[in-house]
Amino acid sequence: MRVSKLPARKARILALRYLGAGVVTLLFLFPVYWLFMISFKTPDEIYHVPPLWIPGQIQFSNYYVLFKDGDVLAILNSLIVASVSSGIAIVLGTLCAYSLARFGTGGENLAMWIISQRMIPPIAVVFPIFLIYVYFGLVDSYFGLILLYTAFNLPYVIWMMRGYIVDVPLELEESALVDGLNRWEVIWKVVFPMVRPGLMATSVFTFAFAWNDFLFALVLTRTEVITFPVMLTHYFGGQSNFWAKIAAMSVLGTLPIFVAVSVMQRYLVRGISLGAVKG
Amino acid sequence: MADVKLSGVHKYYGNVHAVRGVDLTITDGEFAVLVGPSGCGKSTLLRTIAGLEDPDSGAIAIGGAVVNDLRPRERNIAMVFQNYALYPYLTVNENIAFGLRARKTPEIEIRKRVSEAAEMLGIGNLLQRYPRQLSGGQRQRVAIGRAIVRKADLFLFDEPLSNLDAQLRDEMRAEIKRLHHEITTTMIYVTHDQIEAMTLADRIVLLRDGKIEQQGAPLELFEQPRTGFVAGFLGSPSINLIPATLKTDGPVAAVVFQSGGELKLPSAKAMSLAGAQGREILVGIRPQHFSRAGGGPLRNGVVSYSAVADLIQPTGTRTFTTIKIGGVDAVAELQAHDVRSHGERIDLAIDLNRVVLIDPVSGVVIA
Amino acid sequence: MTLSASLNGAEQRRPSRLGRMLEDRLPYLIVAPAILILLLVGLFPLIYSLIVSFQRITMTENDTTFVGLLNYAELFRDTRLWASLGHTAIITAIALPLELLIGFLMAQLFIDRMPGRQIFLALLVLPTVISPIVAGATWRLMFDVRFGPIGQILSFIAGEPVRILWTVNPAYVYPAIIICEVWQWSPFMFLLLLAALSNVDPSQLEAAEIDGASYLRVLRAIVLPAIAPVIAVACLIRGLDLVRIFDIIWTLTEGGPGSMTETISLYTYVQGFSQFETSYTAAISFLVIALLTVITTLVLKRMELAR
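Quantities reported herein were computed from a predicted structural model and do not represent experimental measurements.

Caption draft 1: Fine view of the overall build of chain A. Across its full length, chain A carries 14 helices and zero strands. Secondary structure elements of chain A, listed N to C terminal, follow the sequence α-α-α-α-α-α-α-α-α-α-α-α-α-α. Its C-alpha atoms give chain A a radius of gyration of 24 Å, clearly above 19 Å, the size a compact globule of 279 residues would have. Structurally, chain A occupies a C-alpha span of about 80 × 70 × 35 Å along its principal axes. Looking at the 279 residues of chain A, the share that counts as buried comes to 60%. Contacts in chain A between residues at least 24 apart in sequence constitute 72% of all its contacts with a sequence separation of at least 6. Of the accessible surface of chain A, which amounts to about 11700 Å², a share of 70% is contributed by carbon and sulfur atoms.

Right, here's the structure in full:
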């Protein structure tokens, strides 16, 4: 009797959990679904009252318009700025992190100062940076935006990579030193391969930071290096909003991040918790 | 190949004086074992020889040349680490070849040496695997292989067997000894395990608190310890130390236990004790120097002692029996069937020819 | 013979003087570029801003005479500033506990293994990783009074037409912002708490189960203490983000109606880039930094205590 009852109870609980999981997922994904769906709708379908939940057909004219009008250049700008800046931040930050982790350079104070840089709210520095950029003619330049994102990503990279490097057994490096490598070679041939998962995960987050940033891009770009979030806000008008463009642009701007994060899912938790949870 | 000479080596970690003036000469081709309890400075000393730590003072010479200013890679040494230090992202083959590649050895030479070493260690079939696919013993072999191919002047081992289970440890110990016979390179081996030290070493260097307590051939240290510490560190189960008082009368000497009862010392021991009447001492008797008295006449220097067996720990070949002697617990190592049950009264013979008498204050062996 | 040969070998490997110097200085050489950039882009603007905050620079006048704490005194008379801080506090105080609670409930739902769990997790991460601007835009589409699905669903439930101007009507702007915020960041809390919960020692839970402890008791005595450090870190990270909330408001309400949803970040932006009150903006920036420093220190102190 009891033997047959127990699995039945377990099955019921499992069914309830699937139901809960389904409802939660539905709630959280519905807005994303709505966004995707609008990007495939024709104007008639978008401005239909009551709203249509399923487009009549999947058609790509909203995307086509973005390409035709050159709006996708904003995506390209974002791609350039985000990848170059996170590349530089990763290399410089990891080297710095190695020094902090292995030689204790600057002591605990330097490490604390670096992470405190991460806590500075962008709004507090964006204005003076803007004034300085105007002075040096860096506004609306790739260099200016890349420099800024590099600087804002560096504390994060240093903090995260320091954690990953500390996890590398010291003996691996010592063994390489005895075997005939110099310090530079040790970093390149032993440390970098050992922290490669950490490097990849951290790059996803630095890339995402630069990719998703709006405030700096809003202030420091004009026409040439407009990034996609800034471009997106241009579609909002006082009276009429260009829903089709907003939706299509949003989808384009979400896909790269979603792909990167899906690949790196394993490291997500350590990354977003600033290393507090080693997932 | 090379000899190693340390003179006046000191090393501090902040306020901790880890190595306190070590002078040591290890001759070419010798297998030296640095042994001692944890924190005695043995690993620090080894790392200083490797160049991974800089000594705060003193000179280190390898092959007659002072190497203080040389980097680890410039000292032409090879080192095997406790946790093997294998690169997880490289195959066994690449791990073994790593040091050779670092030194820009020609590819043909690399392949030759790697296969030689792999054959010597019986890991030829594992070359394409990654470290995570290996067992502990196999990883250890790879780590040793990585050192062998370097054909270094000096081999350093930092507790290489301590991460292995007991059976593998015995196996690898024999392997390392065999290896030393084959390649005859000077080896310095750090361990806290006195059995490893005894079995492997040509010379044991016993360290305590950053200083050399005693060095010499294994049996020399075992049989003629200079201090109570040495006597206590070597041997398993460890030596029994029983507090007593000396009683001398001309050429005759005896130890008197505080709980009463006395044992007459053999004349060879007694000779050096003239005039030490009434001196407090610790009597050091190794468990092996007890035996079941056979009833026949006793050899010179062997005395009889009657005791009650308390704790009995059979190991199969021998049985460790705890008895009371001089008011303290002592362990006697007897034949397997010498003692049967708890509380049994047994007649023992104690070989006092090999007893050590220790000054309880200074810890120095006086006879 | 072998000895001298090997020593020669060692000598050959000895690097050049320059190489040796570069290796000796390596700890500093590899720190330098990163620190330089941080000083240049992080610290230099702050110092510049500090100086400017003691001057009297506006859109029309470039008056660089030092006026002491005049700008800072001005802060205390600026009602719009304090209102914006109030708005920020309201949003933070409501959104943060909500995100924590929803995240915790979601984590409880997914803590046990079940087939397809990874797929659910991958999907639920989505809101958190998209750009806040996209999140804001998405919810603006959702909230649209005529073409959005929210009004349609509410009408269906109510059985009569419901017409709410979510991003304009003073009664609904805060709920709109908080819904969007909670939607985007609850999954963040969920991920962290899920990881923390999976790290709770299972033998402790089993021991409690054998002892017959109730669910609430286990939660209070074992689970919460175990995940408290993670909760603290999560709240710190999210709290700091909420205090500087900008993007979502920019797309949803632009601070309106009037300045009803104007947060401190938005107000600073307006002062700097619409009014061009250079010196005054600098003073506001330092107020914000001071506030965040206090909050961070307090939270970190609490965390120290919890350990």
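Next, the rest of the story.
Caption draft 2: Structural context of the domain arrangement of chain B. Domain annotation of chain B identifies domain 1 (4-225) and domain 2 (240-358). For domain 1 of chain B and domain 2 of chain B, the distance between their C-alpha centroids amounts to 40 Å.

Caption draft 3: Representation of the sheet that holds strand β21 (residues 356-358) of chain B in the model. Residue and element names in this part refer to chain B. Taken together, five strands build an open sheet; the order of strands is β13-β12-β11-β14-β21 and the sheet is antiparallel. The sheet is open, and its two edges are formed by β13 (262-264) and β21, each paired on a single side. Sheet twist, expressed as the mean angle between neighbouring strand axes with direction ignored, is 40°. Here strand β14 (residues 280-285) runs beside β21; their pairing, made up of three bridges, is antiparallel. Bridge pairing links Leu282 to Ile358 in β21.

Caption draft 4: Expanded view of the packing of helix α8 (residues 170-179) of chain A against helix α9 (residues 183-194) of chain A. Residue and element names in this part refer to chain A. Taken N-terminus to C-terminus, the directions of α8 and α9 make an angle of 140°; their axes are 10 Å apart at the nearest point. α9 is crossed by α8, and the crossing has right-handed handedness. Residues Leu172, Glu173, Ala176 and Leu177 of α8 touch α9, and the partners they reach there are Arg183, Val186, Val190, Val191 and Met194. Of the residues contributing to the contact of α8 with α9, the split by class is seven nonpolar, no polar and two charged.

Caption draft 5: Layout of the interface of chain A and chain C. On the chain C side, the residues contacting the 89 residues of chain A number 89 residues. When the area that chain A buries against chain C is broken down by residue, the three leading residues are A:Arg17, A:Phe28 and A:Phe127, summing to 10%. For the pair chain A and chain C, the number of links is zero salt bridges. Across the chain A-chain C interface, the total number found is twelve residue pairs in polar contact (both at pLDDT 80 or more).

Caption draft 6: A look at the nonpolar core. A:Met249, B:Leu6, B:Leu156, B:Ile188, C:Phe110 and C:Ile227 are the most contacted members of the largest nonpolar core, which has 234 residues in total. In terms of residues, this core owes the most to one element, helix α10 (residues 173-198) of chain C, which gives 19 residues. Excluding residues that lie within four positions of it along the chain, A:Met249 makes contacts with A:Leu66, A:Asp71, A:Ala74, A:Ile75, A:Phe228, A:Met231, A:Leu232 and A:Tyr235. B:Tyr84, B:Ile176, B:Ala197 and B:Val230 belong to the second largest nonpolar core, which has 46 residues in total.

Caption draft 7: The pairing of β14(B), seen in detail. Sheet analysis places strand β11 (residues 240-249) of chain B next to β14(B), joined by six bridges and oriented antiparallel. Looking across to β14(B), one finds that B:Leu241 is bridged to B:Gly284.

Caption draft 8: Quick look at the interface of chain B and chain A. With 21 residues of chain B in contact, the opposing surface of chain A contributes 16 residues. Between chain B and chain A, roughly 1700 Å² of surface is buried when both sides are summed, and carbon and sulfur atoms account for 59% of that area. Between the two partners, chain B and chain A, sit three salt bridges. In this structure, the salt-bridge partner of A:Glu174 is B:Arg47, at a minimum N-O distance of 2.4 Å. Of all the elements in the fold, those that place two or more residues in the side of chain B that touches chain A are β6 (77-80) and α2 (92-102) of chain B.

Caption draft 9: Summary view of empty space enclosed by the protein. All chains considered together, the criterion is met by seven cavities of 30 Å³ or more. Approximately 1100 Å³ is the volume found for the largest cavity. Surrounding the largest cavity, 43 residues form its lining, A:Arg118, A:Phe209, C:Trp185, C:Asp241 and C:Arg244 being those nearest its centre. Each residue belonging to the lining of the largest cavity can be placed in one class, and the counts come to 30 nonpolar, six polar and seven charged. Of the voids in this model, the second largest cavity is the one considered here, and its volume is about 80 Å³. Around the second largest cavity sit A:Gln117, A:Arg118, A:Ile120, A:Val125, A:Ala151, A:Phe152, A:Pro155, C:Leu38, C:Val41 and C:Gly42, which together line it. Residue assignment for the lining of the second largest cavity shows that the elements contributing at least two residues are α5 (107-119) and α7 (142-166) of chain A together with α4 (32-53) of chain C.

Caption draft 10: Just the packing of aromatic side chains, in detail. Using the criterion set out here, one finds 42 aromatic pairs over all chains in the structure. Consider the rings of A:Tyr98 and A:Phe103, whose centres lie 5.9 Å apart with planes at 85°: the pair is edge-to-face. Ring centres 5.3 Å apart and planes at 40° place the aromatic pair C:Trp139 and C:Phe143 in the tilted group. Of this pair, C:Trp139 and C:Phe143 both sit in helix α8 (residues 132-143), separated by four residues, roughly a single helical turn. Members of the aromatic cluster, joined through ring pairs, are A:Phe127, A:Phe130, A:Phe214, C:Phe246, C:Trp250, C:Tyr269, C:Phe273 and C:Phe276. Sitting over the face of the ring of A:Trp34, A:Lys41 holds its NZ or CZ atom 5.0 Å from the ring centroid. Positioned over the ring face of B:Phe222 is B:Arg286, at 3.9 Å from the centre of the ring.

Caption draft 11: Molecular detail of the domain arrangement of chain A. Residue and element names in this part refer to chain A. When the domains of chain A are assigned, the result is domain 1 (2-59) and domain 2 (69-272). Centre-to-centre, using C-alpha coordinates, domain 1 lies 34 Å away from domain 2. With six residues of domain 1 in contact, the opposing surface of domain 2 contributes nine residues. Buried area between domain 1 and domain 2, summed over both chains or domains, comes out near 590 Å², and the portion from carbon and sulfur atoms is 84%. Looking only at domain 1, the three residues that lose the most surface to domain 2 are Leu35, Phe36 and Tyr47, adding up to 59% of its buried area. Applying the counting criterion to the domain 1 and domain 2 interface returns zero salt bridges. On inspection of domain 1 and its partner domain 2, the count reaches zero residue pairs in polar contact (both at pLDDT 80 or more). Top element by residues in the side of domain 1 that touches domain 2 is helix α1 (residues 2-39). It accounts for four residues. Considered class by class, the residues forming the side of domain 1 that touches domain 2 number five nonpolar, one polar and no charged.

Caption draft 12: Representation of α4(C) within the structure. Residue and element names in this part refer to chain C. For α4, with 22 residues, the first-to-last C-alpha span of 30 Å sits near the 32 Å given by 1.5 Å per residue. Along its length, α4 reaches its greatest deviation from straightness, about 35°, at Leu39. The set of residues buried in α4 consists of Ala34, Ile35, Ile37, Leu38, Val41, Gly42, Pro45, Leu46, Ser49, Val52 and Ser53.

Caption draft 13: Just the sheet that holds strand β10 (residues 211-216) of chain B, in detail. Residue and element names in this part refer to chain B. Sheet architecture is open: six strands sit in the order β6-β7-β8-β3-β9-β10, paired in mixed fashion. With one partner strand each, in any of the chains shown, β6 and β10 form the two edges of the open sheet. Mean inter-strand twist for the sheet, computed between neighbouring axes without regard to direction, equals 20°. One ladder, built from five bridges, connects strand β3 (residues 31-35) with strand β8 (residues 186-191); its direction is parallel. Looking at the pairing, Phe31 lines up with Met187 of β8. Most of the contacts of helix α1 (residues 42-50) go to strand β7 (residues 154-158), to which it runs at about 150°, and overall it touches β3, β6, β7, β8 and β9 (203-208).

Analysis parameters
Residues numbered from 1 in each chain as written. Chains lettered and ligands numbered in written order. Predicted model: local features only at pLDDT ≥ 70, side-chain atom pairs only at ≥ 80, totals over all residues. Heavy atoms only, no water. Helix = DSSP H or I, 4+ residues; strand = E, 2+ residues; numbered from the N terminus. Rg over C-alpha atoms; globule rule 2.2 N^0.38 Å. Buried < 20%, exposed > 50% of the residue type's maximum accessible area, 1.4 Å probe, protein only. Contact = heavy atoms within 4.5 Å. Areas by Shrake-Rupley, 256 points an atom, 1.4 Å probe, with all protein chains shown as cover. Domains from an automatic or database assignment. Pairing = 2+ DSSP bridges. Axes fitted to C-alpha atoms, helices over the stretch in contact; angles between N-to-C directions. Left-handed = near helix turned anticlockwise from the far one by under 90°. Nonpolar A, V, L, I, M, F, W, Y, C, P; charged D, E, K, R; others polar. Buried area = accessible area lost by both parts, 1.4 Å probe. Salt bridge = Lys/Arg side-chain N within 4 Å of Asp/Glu carboxyl O. Polar contact = N/O pair within 3.5 Å; in protein donor to acceptor, adjacent residues only side chain to side chain. Core = buried A, V, L, I, M, F, W, Y, C linked by side-chain atoms within 4.5 Å. 1 Å grid on protein atoms, 1.4 Å probe; cavity = no way out; pocket = protein on both sides within 12 Å on 5 of 7 lines; lining within 4 Å. Points joined across faces, edges and corners; volume = space filled by probe spheres on them. Phe/Tyr/Trp six-rings, centres within 6.5 Å; stacked < 30°, edge-to-face > 60°. Lys NZ or Arg CZ within 6 Å of the ring centre and 35° of its normal. Expected span 1.5 Å × (residues − 1). Bend = angle between axes of the 7 residues up to and from the residue.

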